[in-house]
Amino acid sequence: MSEINTNKPSLQPDISSSRNLDRNRSSQASTAAASAPNTESDKVSLSDTLAVLEQKLTGVPEVDTARVEAIKQSIEDGSYQIDSQELARKMIDFEGDF
(Lines give C-alpha, C1' and ligand atoms only; values in the text may rest on other atoms or scores of the structure.)
Protein backbone atom coordinates (compact mmCIF):
# COMPACT_ATOMS: atom_id res chain seq x y z
CA MET A 1 0.00 0.00 0.00
CA SER A 2 2.84 2.40 0.62
CA GLU A 3 3.67 2.19 -3.09
CA ILE A 4 0.35 3.79 -3.98
CA ASN A 5 1.03 6.86 -1.81
CA THR A 6 4.34 7.63 -3.53
CA ASN A 7 2.94 7.60 -7.09
CA LYS A 8 1.92 10.96 -8.55
CA PRO A 9 -0.18 11.55 -11.62
CA SER A 10 1.99 12.41 -14.62
CA LEU A 11 0.07 15.64 -15.37
CA GLN A 12 0.44 17.14 -11.87
CA PRO A 13 3.61 19.23 -11.42
CA ASP A 14 5.51 18.95 -8.16
CA ILE A 15 4.78 22.41 -6.77
CA SER A 16 5.63 21.73 -3.16
CA SER A 17 9.28 20.89 -3.83
CA SER A 18 10.02 24.39 -5.20
CA ARG A 19 8.24 25.98 -2.25
CA ASN A 20 10.26 23.90 0.17
CA LEU A 21 13.48 24.84 -1.63
CA ASP A 22 12.70 28.55 -1.17
CA ARG A 23 11.82 28.02 2.49
CA ASN A 24 15.04 26.10 3.11
CA ARG A 25 17.14 28.85 1.53
CA SER A 26 15.54 31.61 3.62
CA SER A 27 15.78 29.46 6.74
CA GLN A 28 19.49 28.81 6.14
CA ALA A 29 20.16 32.53 5.58
CA SER A 30 18.43 33.55 8.82
CA THR A 31 20.22 30.82 10.77
CA ALA A 32 23.59 31.94 9.44
CA ALA A 33 22.87 35.56 10.39
CA ALA A 34 21.75 34.57 13.88
CA SER A 35 24.83 32.45 14.54
CA ALA A 36 27.33 35.08 13.36
CA PRO A 37 29.56 36.22 16.24
CA ASN A 38 28.82 39.63 17.71
CA THR A 39 31.95 41.75 17.49
CA GLU A 40 30.44 44.78 19.23
CA SER A 41 30.01 44.84 22.99
CA ASP A 42 26.57 45.47 24.41
CA LYS A 43 26.12 48.76 26.23
CA VAL A 44 23.45 50.05 28.55
CA SER A 45 23.18 53.71 29.48
CA LEU A 46 20.56 55.62 31.43
CA SER A 47 19.57 59.05 30.31
CA ASP A 48 19.89 62.06 32.59
CA THR A 49 16.12 62.40 32.69
CA LEU A 50 15.74 58.89 34.06
CA ALA A 51 18.34 59.55 36.74
CA VAL A 52 16.49 62.72 37.80
CA LEU A 53 13.17 60.85 37.95
CA GLU A 54 14.69 58.09 40.04
CA GLN A 55 16.02 60.67 42.53
CA LYS A 56 12.61 62.34 42.77
CA LEU A 57 10.81 59.03 43.27
CA THR A 58 13.01 57.89 46.14
CA GLY A 59 11.18 60.30 48.47
CA VAL A 60 7.67 59.31 47.35
CA PRO A 61 6.05 56.54 49.41
CA GLU A 62 4.69 53.53 47.54
CA VAL A 63 1.41 53.69 49.47
CA ASP A 64 -0.78 56.77 49.78
CA THR A 65 -1.21 56.54 53.55
CA ALA A 66 -3.66 59.45 53.69
CA ARG A 67 -6.00 57.71 51.26
CA VAL A 68 -5.70 54.41 53.12
CA GLU A 69 -6.59 56.11 56.41
CA ALA A 70 -9.56 57.89 54.81
CA ILE A 71 -10.91 54.59 53.45
CA LYS A 72 -10.38 52.87 56.81
CA GLN A 73 -12.29 55.64 58.56
CA SER A 74 -15.20 55.51 56.10
CA ILE A 75 -15.42 51.72 56.51
CA GLU A 76 -15.46 52.06 60.30
CA ASP A 77 -18.18 54.70 60.33
CA GLY A 78 -20.26 52.87 57.67
CA SER A 79 -20.11 55.57 55.01
CA TYR A 80 -18.00 53.57 52.55
CA GLN A 81 -20.22 52.55 49.63
CA ILE A 82 -19.33 50.01 46.96
CA ASP A 83 -20.80 50.28 43.47
CA SER A 84 -21.34 46.60 42.65
CA GLN A 85 -21.90 47.29 38.95
CA GLU A 86 -18.63 49.21 38.67
CA LEU A 87 -16.78 46.50 40.62
CA ALA A 88 -18.16 43.77 38.33
CA ARG A 89 -17.18 45.77 35.22
CA LYS A 90 -13.64 46.23 36.47
CA MET A 91 -13.33 42.54 37.35
CA ILE A 92 -14.44 41.56 33.84
CA ASP A 93 -12.05 44.08 32.28
CA PHE A 94 -9.21 42.76 34.43
CA GLU A 95 -9.86 39.16 33.41
CA GLY A 96 -10.08 40.22 29.76
CA ASP A 97 -6.52 41.58 29.88
CA PHE A 98 -5.05 38.09 30.27
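Use the structure listed above.
Described below are features of the structure shown in this document. Just so you know, these numbers come straight off a predicted model, no measurement behind them.

## A look at the overall build of the protein
A tally of regular secondary structure across the protein gives 5 helices and 0 strands. Counting from the amino terminus, helix and strand elements in the protein follow one another as α-α-α-α-α. By the burial criterion, 1% of the 98 residues in the protein qualify as buried. Carbon and sulfur atoms make up 54% of the accessible area of the protein, which totals about 9900 Å².

## Section: the pattern of salt bridges
Taken as a whole, this structure holds 3 salt bridges when the rule is applied. Note that Arg-89 and Glu-86 form a salt bridge whose closest N and O atoms lie 3.0 Å from each other. Remark: Glu-86 and Arg-89 occur in helix α5 (residues 84–96); sequence separation between them is 3 residues, near one turn of the helix. Classification of Arg-89 as partly exposed rests on a relative accessible area of 44%. On the accessibility criterion, Glu-86 (30% relative accessible area) is partly exposed. A salt bridge links Lys-90 to Glu-86, with the nearest nitrogen and oxygen atoms 3.9 Å apart. In this pair, Lys-90 and Glu-86 both sit in helix α5, 4 residues apart, roughly one turn of the helix. Among the charged side chains, a salt-bridge network with shared partners connects Glu-86, Arg-89 and Lys-90.

## Some thoughts on the side chain of Ser-74
Following the sequence through the fold, Ser-74 ends up in helix α4 (residues 65–77). Here the side chain of Ser-74 touches Ile-71 through a polar contact of 2.9 Å, landing on its backbone oxygen. Non-local contacts of Ser-74, meaning those with residues more than four positions away in its chain, are made with Ser-79 and Tyr-80.

## Let's talk about a nonpolar patch on the surface
Side chains of Ile-75, Tyr-80, Ile-82, Leu-87 and Met-91 sit close together on the surface and give an oily, nonpolar patch of about 530 Å² of accessible area. Mapped onto the secondary structure, Tyr-80 falls in the loop between α4 and α5. The exposure class assigned to Tyr-80 is partly exposed, which follows from its relative accessible area of 41%.

Basis of the calculations
Residues numbered from 1 in each chain as written. Predicted model: local features only at pLDDT ≥ 70, side-chain atom pairs only at ≥ 80, totals over all residues. Heavy atoms only, no water. Helix = DSSP H or I, 4+ residues; strand = E, 2+ residues; numbered from the N terminus. Buried < 20%, exposed > 50% of the residue type's maximum accessible area, 1.4 Å probe, protein only. Areas by Shrake-Rupley, 256 points an atom, 1.4 Å probe, with all protein chains shown as cover. Salt bridge = Lys/Arg side-chain N within 4 Å of Asp/Glu carboxyl O. Polar contact = N/O pair within 3.5 Å; in protein donor to acceptor, adjacent residues only side chain to side chain. Contact = heavy atoms within 4.5 Å. Patch = residues over 30% accessible without salt bridge, like charges linked within 9 Å, V, L, I, M, F, W, Y side chains within 5 Å.

Geometric values such as these leave the question of function open.
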